[in-house]
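Notes for the structure review
Listed below, chain by chain, are the residues.
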Amino acid sequence: MPRLPRPVALSAVAAAAAAALLLAGCSSSPGSAPASAAPATTAAASTAAAAPACTTTASGAVSDSVRVAADSVKAPTVTVPSRFTAGALQRTVLDHGTGAKVAAGDTVQVDFALYNSTGKAIVTEGWDSPNVSPLLPVGTRALLPGLDALFACGAVGDRALVTSSAAASFGAGADVTHYGLKSATDSIVWVGKIVSILPVAAVDGPAAGFPTVKLASNGKPTIAVPTGVAAPTQTEVEVLKKGTGAIVGSADTVTVKYQGVIWKSGKVFDQSYTRSPDTSAFAVTQVVPGFSKALVGRTVGSQIVVVIPPSDGYGSAGNSTAGIAGTDDLVFFIEIEKTAATAAQ
């Protein structure tokens, strides 16, 4: 299928080193849809049915010793005690939110920052730029342990912090020097806030104005693009059938069946159904950003339709080999067959 390298971001290194995190939100530009751990959609599917039970990380003397400035629109100031040393994950809630509770498998919009042992912020996501706030699938293996501990079992409005060694947060073998850390034994602090929980998508068919799909007796799809309707301006996903299998992680290798058409013409430009075998296997990080957004956080057995604007596809250059112009919106029908964690490189 057509490929495009993902934007270079925190996720790329973390995924390669720890097979864990997708945080391409930091590579988005103002006004663009968030590139994130879960698809940037108007109706994102919940994966709670296939996710494990929610597990809370307990607080401790180390996490309780960190001081965080009051909530604001910017990443907060963090003060750590002298000789600050953290090991296992500890989580302290700073402010208890009054919104909906986060269930395992939910996709949440969040603000977060990562601090080194001196309290210096080395990564910030969201905060005063809500249009690039990350979307993270909580309670799944798609996240780094540190971030999962930060947001799991929380509620909308929660502010919390997590302390740990770099190894405990990023996983054994992660290249923590990418984040300005010296070694896996470095002590770090995460601070984050849960902004919202994405709503569950309808699974009984597409929304009005969205492409429809009919399956032949042999399973081959026909995608019908609505006439007289403008394509969405950001990547949007509809779940036609929600699978009950494993959740697709941000660093997984997936096996799918798919068909892609151009919105304005309805012309098929690529598909697996005419090949033998009729499936395609690839790493989630190897496909165009919109295709990746459609997969991460979904469950095996799902059938989905995704509409991808040029900004999440081939950009203004298009793909002449596939007959895709720089202004073409793309539509894919995808059946998720398998997923497996990609070994760290």
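Everything that follows concerns the structure shown earlier in this document.
Since the model is a prediction, treat every value here as computed from it, not as a measurement.

1. Some details on the pairing of strand 12 (residues 252-262)
By the criterion of burial, strand 12 is predominantly enclosed, with 10 of the 11 residues buried. Where strand 12 lies against strand 16 (residues 330-341), 11 bridges are found, and the strand directions are antiparallel. Note that in strand 16 the partner of Gln 259 across the bridge is Phe 333. Note that strand 12 and strand 14 (residues 280-283) share 4 bridges and pair antiparallel. When the bridges of strand 14 are listed, Val 254 appears paired with Phe 282. Summarising the sheet, strand 12 and strand 13 (residues 268-271) pair through 3 bridges and their orientation is antiparallel.

2. Overview of the pairing of strand 10 (residues 221-224)
Covered by surrounding structure in strand 10 are Pro 221 and Ile 223 only, the residues Thr 222 and Ala 224 on the alternate face being uncovered. Judged from the 4 bridges that link them, strand 9 (residues 212-215) and strand 10 form a sheet pairing that is antiparallel. If you follow Thr 212 over to strand 10, its bridge partner there is Ala 224. Where strand 9 hands over to strand 10, the hairpin turn is made up of 5 residues, of which Gly 219 adopts a positive phi near 90°.

3. Here we look at the nonpolar core
Counting residues in hydrophobic clusters, the biggest one holds 27 residues, and the most contacted among them are Phe 112, Leu 150, Phe 151, Phe 170 and Trp 190. Listed by contribution, the elements that provide at least two residues to this core are strand 4 (107-115), helix 3 (145-151), strand 7 (159-165), helix 4 (166-170) and strand 8 (187-197). With sequence-adjacent residues up to four places away left out, Leu 150 is seen in contact with Arg 91, Phe 112, Ala 160, Leu 161, Val 162, Trp 190, Val 191 and Gly 192. Membership of the second largest hydrophobic core comes to 26 residues, among which are Val 239, Phe 291, Ile 308 and Leu 330.

Thresholds, definitions, all that
- Residues numbered from 1 in each chain as written.
- Predicted model: local features only at pLDDT ≥ 70, side-chain atom pairs only at ≥ 80, totals over all residues.
- Heavy atoms only, no water.
- Buried < 20%, exposed > 50% of the residue type's maximum accessible area, 1.4 Å probe, protein only.
- Helix = DSSP H or I, 4+ residues; strand = E, 2+ residues; numbered from the N terminus.
- Pairing = 2+ DSSP bridges.
- Core = buried A, V, L, I, M, F, W, Y, C linked by side-chain atoms within 4.5 Å.
- Contact = heavy atoms within 4.5 Å.

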